[in-house]
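Each chain, written out:
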Amino acid sequence: MVCVSFMKKNPYTPLQIAIHIYAWSGLALLIFDFVTGNLSANPIQDLEQRTGRHAITLLVLTLLCTPINTIFKWSEPLKRRRALGLYTFMYATIHVIIFADLDYGLAWSRLLQELVQKPRLIVGVIAFILLIPLAITSFDIWKKRLGKNWKRLHKLIYFIGPLVVLHYVWSKKGDILTLQGEVVKPLIYGLIIAIFLIFRIPPIRKALASFSTRMLALLPRKNQQPKVNTP
């Protein structure tokens, strides 16, 4: 009764609350560390890296929604993809603003020179540009206007994920082949994203859904009454 009463008073589900708290707490902590001077010796670089990590983490959580639905038959994560996607775009935008404004003072000639010299920046810019139409068309009105093209457009996320990982890997110092330096964490993100994308391959997704259905069928049901042998 207490749970039902709470749900009636609070229109948000626990998952919604958790998503909003996680997304905004990252930004709040970032602002707090900036104001109190708790950033590293290179505060601008620290801000860039932390907003970038938040963006890729939220991207991973966005891609996680479909596998969770496929494996556990839990539909609510599918309803939360839009919020996760918009938060991903929010952090990516802050990441780009910090780089362009705080780091380079909006000196466009210098920025263009950096883009030409550093492929990791080109990859990052492409990923960000591709995120823009996904963020704009994430609302229901665009689903109706675009129809089937809406799903085609949002499949760009499968291309954006690897680009973001590549940008992240190139941003770190180290050797990918020997796994030395700072490349391990970006590669872990890349492995997770690769697994989530593999789960979306139709035959694998179908097999995974079938296996999940069989496993869930073996679990005892809450409302199922034990059979009583009558004499």
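Residues numbered from 1 in each chain as written. Predicted model: local features only at pLDDT ≥ 70, side-chain atom pairs only at ≥ 80, totals over all residues. Heavy atoms only, no water.

What about the overall build of the protein chain?
When its secondary structure is counted, the protein chain shows 12 helices and two strands. Counting from the amino terminus, helix and strand elements in the protein chain follow one another as α-α-α-α-α-α-α-α-α-α-β-β-α-α. Carbon together with sulfur atoms contributes 68% to the accessible area of the protein chain, which is approximately 15,400 Å² in total. (Helix = DSSP H or I, 4+ residues; strand = E, 2+ residues; numbered from the N terminus. Areas by Shrake-Rupley, 256 points an atom, 1.4 Å probe, with all protein chains shown as cover.)

Digging into a positive patch on the surface
Taken together, the side chains of Arg81, Lys143, Lys148, Lys151, Arg152, Lys155 and Arg205 present a region of like positive charge at the surface. Top element by residues in the positive patch is helix α9 (residues 148-154). It accounts for three residues. Structurally, Arg205 is set in helix α12 (residues 202-218). On the basis of relative accessibility, which here comes to 36%, the residue Arg205 falls in the partly exposed class. (Patch = residues over 30% accessible without salt bridge, like charges linked within 9 Å, V, L, I, M, F, W, Y side chains within 5 Å. Salt bridge = Lys/Arg side-chain N within 4 Å of Asp/Glu carboxyl O. Lys, Arg positive; Asp, Glu negative; His and termini not counted. Charge placed at Lys NZ, Arg CZ, Asp CG, Glu CD. Buried < 20%, exposed > 50% of the residue type's maximum accessible area, 1.4 Å probe, protein only.)

Topic: the packing of helix α10 (residues 157-171) against helix α11 (residues 184-198)
Angle between the axes and distance between the axes: these two values describe a pair of packed helices. Here α10 crosses α11 at 170°, and the two axes come no closer than 9 Å. Classed by the angle they form, the pair α10 and α11 counts as roughly antiparallel. Contacts from Tyr158, Gly161, Pro162, Val165, Tyr168 and Val169 in α10 reach Lys185, Pro186, Leu187, Tyr189, Gly190, Ile193 and Leu197 in α11. In the contact of α10 with α11, the residues fall into 10 nonpolar, two polar and one charged. (Axes fitted to C-alpha atoms, helices over the stretch in contact; angles between N-to-C directions. Parallel < 35°, antiparallel > 145°, perpendicular 65-115°, else oblique. Contact = heavy atoms within 4.5 Å. Nonpolar A, V, L, I, M, F, W, Y, C, P; charged D, E, K, R; others polar.)

Regarding a nonpolar patch on the surface
Among the surface-exposed residues, Tyr12, Ile17 and Ile21 lie close enough to one another that they form a single nonpolar patch of about 280 Å² accessible area. Here Tyr12 shows up in the loop between α1 (2-9) and α2 (14-36).

Observations concerning helix α5 (residues 81-103)
With 23 residues, α5 should cover 33 Å at 1.5 Å per step; its first-to-last C-alpha distance of 32 Å lies within 8% of that length. Along α5, the residues that are buried comprise Leu84, Tyr87, Thr88, Met90, Tyr91, Ala92, Ile98, Phe99 and Ala100. Residues of α5 that are buried make contact with α2, α3 (43-72), α6 (108-117) and α7 (119-136). Positioned one or two residues after α5, Gly105 has a phi angle of 60°, which is positive. (Expected span 1.5 Å × (residues − 1).)

Points about α3
Count 3.6 residues to each turn of an α-helix, and residues three or four apart come out pointing the same way. With 30 residues, α3 should reach 44 Å at 1.5 Å per residue; the first-to-last C-alpha distance of 42 Å fits that figure. Of all the bends found along α3, the most pronounced is centred on Leu64 and spans about 30°, while Pro67, a proline, follows it within four residues. Lys73 lies just past α3 and shows a positive phi near 55°. (Bend = angle between axes of the 7 residues up to and from the residue.)

Looking at the packing of aromatic side chains
One pass over the full model with this rule turns up four aromatic pairs. It is Lys143 that lies over the ring of Trp150; its NZ or CZ is 4.8 Å from the centre. (Phe/Tyr/Trp six-rings, centres within 6.5 Å; stacked < 30°, edge-to-face > 60°. Lys NZ or Arg CZ within 6 Å of the ring centre and 35° of its normal.)

Details of the pattern of salt bridges
If the charged atoms of two oppositely charged side chains come close together, the side chains can form a pair. One pass over the structure, following the stated rule, counts four salt bridges. Where Glu76 meets Arg80, a salt bridge forms, and the shortest distance between an N and an O atom there is 3.2 Å. The buried category is assigned to Glu76, whose relative accessible area is 15%. Looking at Arg80, the relative accessible area reads 14%, which means it is buried. Across the pair Arg82 and Asp140 runs a salt bridge, and its minimum N-O distance is 3.3 Å. Of this pair, Arg82 sits in helix α5 while Asp140 sits in helix α8 (residues 140-146), placing them 58 residues apart in sequence. Classification of Arg82 as partly exposed rests on a relative accessible area of 35%.

These figures come from the coordinates and say nothing about function on their own.
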